[in-house]
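# Examination of the molecular architecture
Here's the letter readout for the chains.
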Amino acid sequence: MTHPFVAVHVQATGIHPSTGRLLTIDAVTFDDAGTTGEEFHAVLNTGGDPGPRHMHGVDFEEFEQAARFSRHLKTLDKLIDDRTLVVHDAPKVWGFIVSEARRAMNAAARANRSRNRGRGRRRQRVGHVPRPVAIIDTLASAFQQGTTLRDTRLYAVAQSVGLDTPDPAASVERAQRPEAETSREATLVLVETYRALRDAGELLTRTPENLTADRFGLQRSLVRVDAEKDDTEVPNPGVYDPAVGIAAGMEFVVTDDIQVDPNELIEAGLGAGMTYSEKLTRTASLVVSNVTSDLRGKAMHAERKGIPLISDKDFLAVVARAQK
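Residues numbered from 1 in each chain as written. Predicted model: local features only at pLDDT ≥ 70, side-chain atom pairs only at ≥ 80, totals over all residues. Heavy atoms only, no water.

From N to C terminus, the chain includes twelve helices and twelve strands. Relative to the 2.2 N^0.38 estimate, which gives 20 Å for 324 residues, the radius of gyration of the chain is 22 Å and therefore close to what a compact globule would have. On the principal axes, the C-alpha backbone points of the chain span a range of 70 × 55 × 40 Å. For the chain, buried positions account for 48% of its 324 residues. Taking contacts inside the chain between residues at least 6 apart in sequence as the whole, the part at least 24 apart equals 66%. Carbon and sulfur atoms make up 47% of the accessible area of the chain, which amounts to about 16,300 Å² in all. (Helix = DSSP H or I, 4+ residues; strand = E, 2+ residues; numbered from the N terminus. Rg over C-alpha atoms; globule rule 2.2 N^0.38 Å. Buried < 20%, exposed > 50% of the residue type's maximum accessible area, 1.4 Å probe, protein only. Contact = heavy atoms within 4.5 Å. Areas by Shrake-Rupley, 256 points an atom, 1.4 Å probe, with all protein chains shown as cover.)

Set out below in structure tokens:
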């Protein structure tokens, strides 16, 4: 295959594939040197409210005239199948692609069941859930390489790895440009961000077979989703105390700003009899995070709730001691 990679940039109505819809999708295939090959871009008609124009850069009339995702699925299958898929924030982007593909396939199946075959009408064949050989997440890879990110948007991550890109903040100039142009620019920035991260260190790579949808439709590892569903019978002994150590039943949360693979952390915690949670609540015993200053997200809320923060490597160390 001349261009074994495909970079995909999307825009959606929200952050959760279970409730949101894809609005635009842009893709380019490329090789190790960054030379691009096939290109694809589409505005998608969701049949609903796409939200204000300043959020996506597309006029409402263009959405009304656009085709549904199902019309593009076969084309996307050809672009993505047997290639390494490169995206920024894989749980969200891959989650939306899988969600839209399954929605299209289910709609076609319903139509085929209700169709009168006696009249010789052809069955609908819309395509399948794309089958990349692997999925590389530039956001997770940046964290894994130890990059401290206050802003996790693509352009901010690109700048953090030394690329000269436009400011990630919204601007009047960018809002006035055609959406197809800004989306393609983002896809090409994604390609260069991937190449910079590849040259800098290890990349976080997953395979579709080891991913599944969580309750929000985000595509996460099987380890992570199964751990969230697991109900422990051991009562939570309370907040983690470094002087006492880890105890069975303690509830732990893992943030994004870590270097160790989250699967390794989750498996280690479960092995010590702890309980994993995606959501941070006051019942959490500790939060695994490598950020100690300028806190954000779960780490910031943990500090406000008085829940201890512990680095990924320290967490593995205390769990190992507890299992001896």
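Note that glutamine 144 resides in helix H5 (residues 138-144). Judged by its relative accessible area of 14%, glutamine 144 is buried. Excluding anything up to four places from it in sequence, glutamine 144 contacts Glu202, Leu203, Leu204, Ile258 and Gln259.

This part covers the sheet that holds strand S4 (residues 84-87). As summarised here, the arrangement of the six strands in space is S3-S2-S1-S4-S5-S6, forming an open sheet in which the pairing is mixed. The open sheet has two free edges, formed respectively by strand S3 (36-43) and strand S6 (205-206), since each of these has just one partner strand. Across eight bridges, strand S1 (residues 5-12) lies against strand S2 (residues 22-30) in antiparallel orientation. Counterpart to histidine 9 in the pairing with S2 is aspartate 26. (Pairing = 2+ DSSP bridges.)

A contiguous patch of positive charge on the surface is contributed by Lys74, Lys78, Arg123 and Arg125. Tracing the backbone through its elements, the reader meets arginine 125 in the loop between helix H4 (90-114) and strand S5 (134-137). (Patch = residues over 30% accessible without salt bridge, like charges linked within 9 Å, V, L, I, M, F, W, Y side chains within 5 Å. Salt bridge = Lys/Arg side-chain N within 4 Å of Asp/Glu carboxyl O. Lys, Arg positive; Asp, Glu negative; His and termini not counted. Charge placed at Lys NZ, Arg CZ, Asp CG, Glu CD.)

A cluster of like negative charges, contributed by Asp226, Asp230, Asp231 and Glu233, occupies part of the molecular surface. On the secondary structure map, aspartate 230 appears in the loop between helix H9 (222-229) and strand S9 (251-254). You can call aspartate 230 partly exposed: its relative accessible area is 46%.

Our next topic: helix H12 (residues 312-322). Within H12, burial applies to Asp312, Phe315, Val318 and Val319. An end-on view of H12 places all buried positions within 125° of arc, on one side of the element. In H12, those exposed residues whose orientation departs by more than 90 degrees from the buried face are Lys313 and Arg321. The inward-facing, buried residues of H12 contact S9, helix H10 (262-271), strand S11 (286-288) and strand S12 (309-310). (Arc of directions from axis to C-beta.)

On to unusual backbone geometry. For aspartate 82, which is not glycine, the phi dihedral falls at a positive 65°. Inspection of the secondary structure assignment puts aspartate 82 in the loop between helix H3 (73-80) and S4. Of note, the phi angle at aspartate 89 is positive, near 75°, even though the residue is not glycine. Note that aspartate 89 resides in the loop between S4 and H4. Accessibility expressed as a relative area gives 27% for aspartate 89, which makes it partly exposed.

Let us now look at the sheet that holds S11. As a general point, the strands of a sheet are linked pairwise by backbone hydrogen bonds and lie either parallel or antiparallel. If you walk across this open sheet you meet the four strands as S10-S9-S11-S12, and the pairing is parallel. This sheet does not close on itself; its edge strands, each paired only once, are strand S10 (275-276) and S12. Of the strand pairs in this sheet, S9 and S11 are connected by three bridges, and their pairing is parallel. Residue valine 253 lies in a different strand from S11, and its bridge partner there is valine 287.

The next subject is the environment of threonine 232. If you trace the backbone, threonine 232 turns up in the loop between H9 and S9. Through-space distance from the C-alpha of threonine 232 to that of arginine 123 is 47 Å; in sequence the pair is 109 residues apart.

Moving on to the environment of glutamate 38. Structurally, the position occupied by glutamate 38 is in strand S3. Accessibility expressed as a relative area gives 43% for glutamate 38, which makes it partly exposed. Sequence separation of glutamate 38 and leucine 79 is 41 residues, and the distance between their C-alpha atoms is 7.8 Å. A polar contact is formed between the side chain of glutamate 38 and the side chain of arginine 83, at a distance of 3.3 Å. (Polar contact = N/O pair within 3.5 Å; in protein donor to acceptor, adjacent residues only side chain to side chain.)

From the geometry alone we can't say anything about function, so treat these as descriptive.
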